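# Per-entry structural report
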Amino acid sequence: MSLQEQRILPAVRKMKDLEKLFKTSYTYIVLLDSHIGQLKTIVDLGRANGKKLLLHADLIEGLKNDEYAAEFLCQSIRPAGLISTRGNVITKTKQNGLIAIQRLFLLDSSALDKSYTLLERTKPDFIEVLPGIIPPIITEVKERSGIPIFAGGLIRSVNDVELALGAGATAVTTSHTALWQHYDQRS
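Heads up: these notes are all about the structure in this document.

How each quantity is defined
As a convention, each chain's residues are numbered from 1 in the sequence order in which they are written. Two thresholds apply to this predicted model, a pLDDT of at least 70 for residue-level local features and 80 or more for giving and counting side-chain atom pairs, whereas whole-chain, interface and lining totals are computed over all residues. To get the side-chain values, take all heavy atoms of the structure and skip hydrogens and water. What is meant by a nonpolar core is a set of buried Ala, Val, Leu, Ile, Met, Phe, Trp, Tyr and Cys residues, joined one to another through side-chain atoms within 4.5 Å. The buried label applies to any residue whose accessible area, calculated with a 1.4 Å probe on protein chains only, is under 20% of its type's maximum; exposed applies above 50%, and partly exposed to all values in between. Every helix listed is a DSSP run of H or I at least four residues long, and every strand listed is a run of E at least two residues long, numbered separately from the N terminus. Residue contacts are counted whenever heavy atoms from the two residues lie within 4.5 Å of one another. Here a polar contact is recorded for every N or O atom pair within 3.5 Å, except that within protein the pair must consist of a potential hydrogen donor and a potential acceptor, and residues adjacent in sequence are included only if both atoms are side-chain atoms. In this scheme, strands are said to pair when DSSP sees at least two bridges between them.

### A look at the nonpolar core
Core analysis: the biggest nonpolar cluster contains 47 residues, and Leu55, Leu73, Ile127, Val141, Val161 and Val172 have the highest contact counts within it. Here this core takes five residues from helix α3 (residues 67-77), the largest share from any one element. Setting aside chain neighbours within four positions, we find Val161 in contact with Ile8, Ile155, Val172, Leu179 and Tyr183. Membership of the second largest hydrophobic core comes to 13 residues, among which are Leu3, Ala11, Ile99 and Phe126.

See the structure below:
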């Protein structure tokens with residue numbers, strides 16, 4: 001799956017930020033902190049503006065994060081893809097032909113080892129590694145899994161972005177609007 005060489009994945013929490021992103025060169029946008037009642041309208045609005053939304057399934061209010069919720073999102077809402085920490089959500093997303101992004105919180109060696117086991121089972125299209133400011137781990141996960149990596153969490157500066165990309169990340173997810181502006185092709 002290609003992200004059309006997009007190196008920054010803006011992660012939005014507020015509608016006003018999403019509306020600003022409609023005027024940028026970004027095609028893929030991560031939607032955080034949404035409400036089930038708003039999803040269809042938001043995804044349709046994004047599509048109408050030439051944007052492909054990646055929904056963070058774990059952060060949708062009013063929707064339990066399980067394979068049934070993933071099935072509903074994939075078939076009724078039809079975003080470009082789903083992000084989740086849950087393996088069953090990733091599996092269901094892949095079955096429905098959407099982009100599946102396995103989010104991993106790499107807090108220690110034990111979490112890293114458990115993540116490798118999970119990745120062998122789910123085989124996501126992309127992995128989001130958090131925190132994204134640990135270049136050696138980004139490199140290791142990419143080499144060991146063979147799956148493209150997104151670096152996310154605690155990315156605060158251009159230097160953080162460049163270090164993550166230099167370590168092998170395909171893209172960086174960030175909610176920092178200054179980084180969106182810095183990397184926007186239209187700026």
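### Structural notes on the side chain of Asn65
Locating Asn65 in the fold gives a position in the loop between β5 (60-61) and α3. For Asn65, the side chain forms a polar contact with the side chain of Ser84, separated by 3.4 Å. Each residue touching Asn65, except ones within four places of it in the same chain, is listed here: Ala57, Asp58, Ser84, Arg86 and Val89.

### Digging into the environment of Ala164
Within the secondary structure layout, Ala164 lies in helix α7 (residues 158-166). Residue class for Ala164 comes out buried when judged on its relative accessible area of 1%. In sequence terms Ala164 and Ile134 are 30 residues apart; their C-alpha atoms lie 7.4 Å from each other. The contact partners of Ala164, leaving out residues within four places of it in the chain, are Gly132, Ile138, Ala151, Ala169 and Val172.

### Quick word on the pairing of strand β1 (residues 8-12)
Of all five residues making up β1, five are buried, and the element is well covered by its neighbours. Of the two faces of β1, both are covered, the one formed by Ile8, Pro10 and Val12 as well as the one formed by Leu9 and Ala11. Pairing of β1 with strand β10 (residues 171-174), which is carried by three bridges, proceeds in the parallel orientation. Residue pairing in the sheet places Pro10 in a bridge with Thr174 of β10. In this structure, β1 lies alongside strand β2 (residues 28-31), joined through two bridges in parallel fashion. If you follow Val12 over to β2, its bridge partner there is Leu31.

Limitation: the analysis is restricted to geometry and does not speak to function.
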